[in-house]
Structure formats: structure tokens, C-alpha cells
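# Architecture at a glance
Each chain, letter by letter, is given below.
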Amino acid sequence: MLKLNHLSKSYVAGTPVLRDITLEVSERGVTAIIGASGTGKSTLIRCINRLVEPTAGEILFEGADLATLNGRSLRHARRHIGMVFQEYNLVERLTVMENLLSGRLGYVSAWRAWRRKFPPEDIRRAYELLDVVGLAGFALQRADALSGGQRQRVGIARAVMQEPTLLLADEPTSSLDPKTAVEIMELLAGIARSRGIPVLVNMHDVELAKRFADRIIGMAGGALVFDGPAAELDDAMLTTIYGGQGWIQ
Amino acid sequence: MIVVAIVLSIQTVEVIPEFLADAPEQVADLLTRMWPLDFAYYPDTVHAALMETIHIASLGTLLALVLAMPVGILAAHNLVPSTPVNLVAKLILVSSRSVNSLVWALLFVGIFGPGALAGTLAIAFRSIGFVGKLFGEALEEAQPGPIEALSAAGAPWASRMTFGYWPQVKPAFWSIALFRWDINVRESAVLGLVGAGGIGMALDSALNLFQWTRVAVILLAIFAVVIIAEVVVTQVRRRMI
């Protein structure tokens, strides 16, 4: 499914943010990447779909090495990878429906998209997905009229519109209150289950990760330090991942 | 310091004391000669010239918008991440702005002969710099987040433009277009002085023939049109943005 081979990234030469990451994500379900702020979680997840250019290594996905793709072939590969962002990244001045349909821009020509001539099938699925994420009736509202939790639901629905075979989520709950964060994680876990796709989520909230993730990957200093089920994540391991002990009760 | 500056300035402009003392009398004389206004002259010549002026301004603005958009895009570093290209685009915009519309008009009158075509092109070429600069800056201020999301979905360049950038810069774009049209209505009124069509040509001939009553009518007509343009722009902006 997805296999990272010796992936490295340095924004400044000589100070790597990611150090030789080798990782395989094939099972359906939620995989959480946890670690302290600034440890390279976001960089790792953004390297997978090349929003950030890796310095070295391979990104094997659906039989191709994404690290070597360019232009059209990269765009076509990206269509199969949905992405959810911390700041939602909706087009604020467009409606909820238009934001959902923007998930189809990799499939629909720019000219058709400009005239809003999306295939009826896409529009039908968009309405279905609005139902799934609990925003039925919001289709014609402008995105900037929504609350944070509602925006993130639109962000998730947009990603699912792509019919992805892999879903990435970069700190999807970090801008939300604890209750909404749980709801968003429930939604992501539900999508992983119902669609049978792997969801790779990046987060710093350990409790949330333990509650929803089938598998947890711990990062420290740009390297993988833990990989296993939530039950194996003990206090000693958490100290390795985050450093210090005072914060563990 | 300020006194020295004022004294130096007065010496430079070479004020002739007799003329200065004479000025109030001359103004009074001019106003008397303008009265009564020759309104009969309006339907004759002024109206057609006034309409031509508005057409020059509108068509010139439209042409400028079409020509300025690609240059504005090339000037925006987030859209075209190549500093040499950005610099060339900015050079085009600066050269458009550094030439006054009257000078552009002289140039186009030389190429196309006198008339509205020269005026329209002068307005357009003067406006490219203004519109392109502000449009390019609006593009550079667009939020990168939504664009990133569209890239992640595999959207091609044209779709990122129409779905990501355009909704973000649309209010700025219309605001720039209206503002420039407002300016162009005023600018196109004087273009006729160099033969580039519009009401300025009527003003020029009336001035040359010392027909002060007609000059007054023309000035009043320009004043009225500028006010109407102002009102139209304010109303449209309120409704649209």
C-alpha cells in the first residue's frame, strides 16, 4: 500500500528534520503519529504527497515511487491520497458544496469546473457525504459561515470526495475543543472502517491517539522510536517520545 | 528654513507682480464672459462628445483589465516563483504607470491619427500598470492554505486558479476595476486636448475660439459626469462587495 524507504528531509542542509524513516502502512484503520511539537510529524505526512519535497528516500504507493513523479503523473497519484488539514484549508468564499466538489478537481477538467458542470454522480455523492459528516442542509452555506468543527467536517468530506485509497490528516483536531476533537476522530475512524482504507493521522494528544488509533507510531528528533498497538505504549516509552516525566500522571 | 524654501520657490516660479495683482480682475472678467451659459450648444456637439468620453473610459478600462491580468499573474511571486519573470512583469507595470495618459495619447495619435481609438488605447495603456500592480498584490496576499489543499487533491494549475485564487481575489478585482473606471472617466475628459477624442476636443476648440459661454457648458458637463461616475461606483460597490 504505502511504504517509505529511508526517507529524509532537511530544510537546511546538515540539519535533518526527518532521519532515515522506513515505514509501511498497509492495514486499514487509524494509524496515529505522535510526538512533541517540531519533531517532524507534519513534515513526514506532507512528504508523502509531496507538499514537502523529501531530500532523499522512496515513497512507494500503488506501485510507483512518488518521490520521482512530476507534473501530471504526480497529480494523478495525488488524486488517490486525501488530505485533511489542521486549519481546514477550505476556500472560505465558496459554498460548502463547491468546497466538496473541489475534491474532484483532479478528475474534472478546469473548464468544466469553472462552469460548475460537475458530473451528476459527483454531486449526488457530495450530498451523501454531507449526510455522513452530519452537515445535511449546509450545502449552499458559505464556508466562512461555519464553526471550526463544521469546517473540519467539510475538510474531511472534501478529502473523501477524491475516493482516496489513503487518507492523511495533519493535526486535524489541534484547532478544536476537546469535545469536537473526539467527534472528528470518531468520523475519521468511521471512514477508515467503512471505506476500508488506511488513515494516517498526525497528533500530539496521546489520550486521543490511544483511544482511536489501532497502531501508534512515536517520533522523536525526526526518527521513529516506537511502532506498535496503543496497549504497548507505556510511560517509559512516552518519556522517550516526549522527554521528561513531570507531565505523565 | 521654511522661509528660505518659500523664497527660493517664488524666485523659481518667477511670479510677475503685475499679473498677480491683476488676477482677481481677470477671474471676474472670465466669469462674466462665461455668463450666460450657452445651453443650446449642449445637444449640438457636447452631448455626443461626452458619450464618446464615457465610451473611451469604459472600453479603455475593459481593455486594461484584460491586458493587466496576465501581467499581474506574472508579477505575483507565489504564482510564478521565478524572480526574473516577476521583475520583467513589474518593469512592464512600472513603465505603463510612469508615462502620463496625455503622453500615451500623443503617442497613439501619432500612430493611429486623432480620434477615439487613440484615446481608448491611451487610457488602457496607462491603466495596465495600476490594475496589474494592485491585482498582482491581491494575488500575493491570497491565503496559501486552500491552494495547498487543491494541490493535494491533484487539481491542475487552471483549476487552482479558478477555484483557489479567483474566489479570494474577486472582491479586490472588482474594487480595482471600479476605482480605475472612475479615474479613467476623469482622465479621458482631457485627452481631447491632444486630439485623442472625447469632450476634450470640444473644449479645445471652444477655448481656441474664445467661446467662453461654451467652455462653461463643457466644464459643467464634465463636472456632472464625474459626479455621476462617483455615485455609480459607490452604489455598485455597496451592492457587490
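Preceding block: the structure.
This write-up is about the structure you can find in this document. Within every chain, residues take consecutive numbers counted from 1 along the sequence as written. All chains are assigned letters beginning with A, and all ligands numbers beginning with 1, in the order in which they are written. Where local features are concerned, this predicted model is filtered to residues with pLDDT of at least 70; where side-chain atom pairs are given and counted, the filter is 80 or more; whole-chain, interface and lining totals use all residues. Remark: hydrogens and water are excluded; side-chain values derive from all non-hydrogen atoms of the structure.

A separate point is the overall build of chain A. Helix numbering and strand numbering both begin at the N terminus, where a helix is a DSSP run of H or I of at least 4 residues and a strand a DSSP run of E of at least 2. Looking only at helices and strands, chain A has nine helices and ten strands in total. Computed over the C-alpha atoms, the radius of gyration of chain A is 18 Å, within 12% of the 18 Å expected from 2.2 N^0.38 for a compact globule of 249 residues. Along the three orthogonal principal directions, the C-alpha set of chain A runs to about 55 × 40 × 30 Å. Only protein chains enter the accessibility calculation, which uses a 1.4 Å probe. A residue is then buried if its area is under 20% of the maximum for its type, exposed if over 50%, and partly exposed in between. Expressed as a percentage of the 249 residues in chain A, the buried residues total 54%. For this analysis, residues touch if any pair of their heavy atoms sits within 4.5 Å. Counting contacts in chain A only where the partners sit at least 6 residues apart, residues at least 24 apart contribute 69% of the total. Here chain A displays about 10,500 Å² of accessible surface, and carbon together with sulfur accounts for 51% of that area. Positive charges come from Lys and Arg alone, negative charges from Asp and Glu alone, with His and the N- and C-terminal ends not counted. Every charge is mapped to an atom, namely NZ of Lys, CZ of Arg, CG of Asp or CD of Glu. Both charge centroids of chain A, one from 29 positive and one from 28 negative side chains, sit 9 Å from each other. Computation of the radius of gyration draws on C-alpha atoms, with the globule rule given as 2.2 Å multiplied by the number of residues to the power 0.38. Only the protein chains shown count as cover for residues, and the accessible areas themselves come from Shrake-Rupley with a 1.4 Å probe.

Turning our attention to the interface of chain B and chain A. Counting from both sides, the interface comprises 20 residues of chain B and, opposite them, 26 residues of chain A. Accessible surface is computed with a 1.4 Å probe, and the buried area is the amount of it that two parts give up when combined, taken over both parts together. Taking both partners together, chain B and chain A bury about 1,900 Å²; carbon and sulfur atoms supply 68% of that area. Arg46(A) is the salt-bridge partner of Glu148(B), the closest N and O atoms lying 2.5 Å from each other. Pairs of N or O atoms are called polar contacts if they sit within 3.5 Å, as long as, within protein, a hydrogen donor faces a hydrogen acceptor (for residues adjacent in sequence, only side-chain-to-side-chain pairs). Seen at the junction of chain B and chain A, the total is four residue pairs in polar contact (both at pLDDT 80 or more). Contributions of two or more residues to the side of chain B that touches chain A are made by helix H7 (144–152) and helix H8 (157–191) of chain B. By definition here, a salt bridge exists when the distance from a side-chain nitrogen of Lys or Arg to a carboxyl oxygen of Asp or Glu is within 4 Å.

Another point: the packing of aromatic side chains. Pairing of aromatic rings covers Phe, Tyr and Trp, the last through its six-membered ring, and needs centres within 6.5 Å; plane angles under 30 degrees mean stacked, over 60 mean edge-to-face, and all others mean tilted. Summed over the entire model, instances satisfying the criterion amount to nine aromatic pairs over all chains. Here the aromatic rings of Phe135(B) and Phe173(B) are separated by 5.6 Å at their centres, their planes lie at 75°, and the arrangement is edge-to-face. Here Phe135(B), found in helix H6 (residues 116–140), pairs with Phe173(B), found in helix H8; they are 38 residues apart in sequence, far enough to count as distant. According to the relative accessible area criterion, Phe135(B) is buried, its value standing at 4%. Take Phe173(B): its relative accessible area is 6%, and that puts it in the buried class. Here Phe173(B) and Trp174(B) contribute two aromatic rings whose centre-to-centre distance is 5.1 Å and whose plane-to-plane angle is 80°, an arrangement assigned as edge-to-face. Counting as a charge over the ring demands two things of the Lys NZ or Arg CZ atom: a distance within 6 Å of the ring centre and an angle within 35 degrees of the ring normal. The cationic tip of Arg116(A) hangs over the ring face of Phe163(B); the distance from NZ or CZ to the ring centre is 4.3 Å.

Looking now at the sheet that holds strand S7 (residues 166–170) of chain A. Residues and elements named next belong to chain A. Here a strand pair is declared whenever DSSP counts at least two bridges between the two strands. Strand order in the open sheet formed by six strands is S6-S7-S8-S3-S9-S10, with mixed pairing between adjacent strands. Edge positions in the sheet fall to strand S6 (81–84) and strand S10 (223–228), since each has one partner strand and no second. Each strand axis lies, on average, 20° off the axis of its neighbour in the sheet, ignoring direction. In this structure, strand S3 (residues 29–35) lies alongside strand S8 (residues 198–203), joined through six bridges in parallel fashion. Bridge pairing in S8 places Gly29 opposite Pro198. As a rule, the C-alpha atoms of each element are fitted with a line to give its axis, helices using only the stretch in contact, and angles between N-to-C directions run from 0 to 180 degrees.

The next thing to look at is the nonpolar core. Residue and element names in this part refer to chain A. The nonpolar core is taken to be a set of buried Ala, Val, Leu, Ile, Met, Phe, Trp, Tyr and Cys residues, with the residues joined through side-chain atoms within 4.5 Å. Within the largest apolar cluster, 61 residues are counted, with the highest numbers of intra-cluster contacts made by Ile216 and Leu233. Per element, the largest residue contribution to this core is nine residues, and it comes from helix H7 (residues 178–195). Excluding residues that lie within four positions of it along the chain, Leu233 makes contacts with Ile34, Val206, Lys210, Ile216, Phe226, Leu238 and Ile241. Membership of the second largest hydrophobic core comes to 29 residues, among which are Leu18, Val25, Leu74 and Ala77.

Residues and elements named next belong to chain B. Cavities and pockets are defined on a 1 Å grid built over the protein atoms alone: a cavity is a set of grid points where a 1.4 Å probe fits but cannot escape, while a pocket is an open set with protein on both sides within 12 Å along at least five of seven lines, and lining residues are those with an atom within 4 Å of any such point. Grid points are joined across faces, edges and corners, and a volume is the space filled by probe spheres set on the points. If you add up the space inside the largest pocket, you get close to 320 Å³. Lining the largest pocket are 13 residues, with Asn78, Ile147, Ser151, Arg160 and Tyr165 positioned closest to its centre. Contributing elements (two or more residues each) for the lining of the largest pocket: H7 and H8. Looking at the lining of the largest pocket element by element, the count peaks at four residues for H7. Note on residue categories: nonpolar means Ala, Val, Leu, Ile, Met, Phe, Trp, Tyr, Cys or Pro, charged means Asp, Glu, Lys or Arg, and polar means any other residue, Gly included. A breakdown of the residues in the lining of the largest pocket according to their chemical character gives seven nonpolar, two polar and four charged.

Moving on, we come to a nonpolar patch on the surface. All names here are of chain B. Taken together, the side chains of Met1, Ile2, Ile6, Ile10, Val13, Val15 and Leu20 make up a nonpolar region of the molecular surface, amounting to roughly 790 Å² of accessible area. With four residues, the top contributor of residues to the nonpolar patch is helix H1 (residues 2–13). Of note, Ile10 is situated in helix H1. Residues with no salt bridge and a relative accessible area higher than 30% make up the patches, which join like charges within 9 Å and nonpolar side chains (Val, Leu, Ile, Met, Phe, Trp, Tyr) within 5 Å.

All names here are of chain B. Helix span is expected to be 1.5 Å times the residue number reduced by one. Compared with the 42 Å implied by 1.5 Å per residue over 29 residues, the 42 Å span of helix H10 (residues 212–240) between its first and last C-alpha is a close match. Residues of H10 that are buried include every one of Trp212, Val215, Ala216, Val217, Ile218, Ala221, Ile222, Val225, Ala229 and Val233, and no others. Against the buried residues of H10 lie helix H2 (17–34), helix H3 (41–75), H8 and helix H9 (199–208).

Residues and elements named next belong to chain A. In terms of residue burial, helix H1 (residues 41–48) counts as a mostly covered element, since seven of its eight residues are buried. When we look at burial in H1, the residues that qualify are Lys41, Thr43, Leu44, Ile45, Arg46, Cys47 and Ile48. Just past H1, the residue Arg50 takes up positive phi, approximately 65°.

Another aspect to go through is the sheet that holds strand S5 (residues 64–65) of chain A. Residue and element names in this part refer to chain A. Taken in spatial order, the four strands of this open sheet run S2-S1-S4-S5, and their pairing is antiparallel. At either margin of the open sheet sits one strand with a lone partner, and together these are strand S2 (15–25) and S5. Pairing analysis gives seven bridges linking strand S1 (residues 2–12) to S2, with the strands arranged antiparallel. When the bridges of S2 are listed, Leu7 appears paired with Ile21. The strands that H1 touches are S1, S2 and strand S4 (56–61); relative to S1, the one it contacts most, it runs at about 120°.

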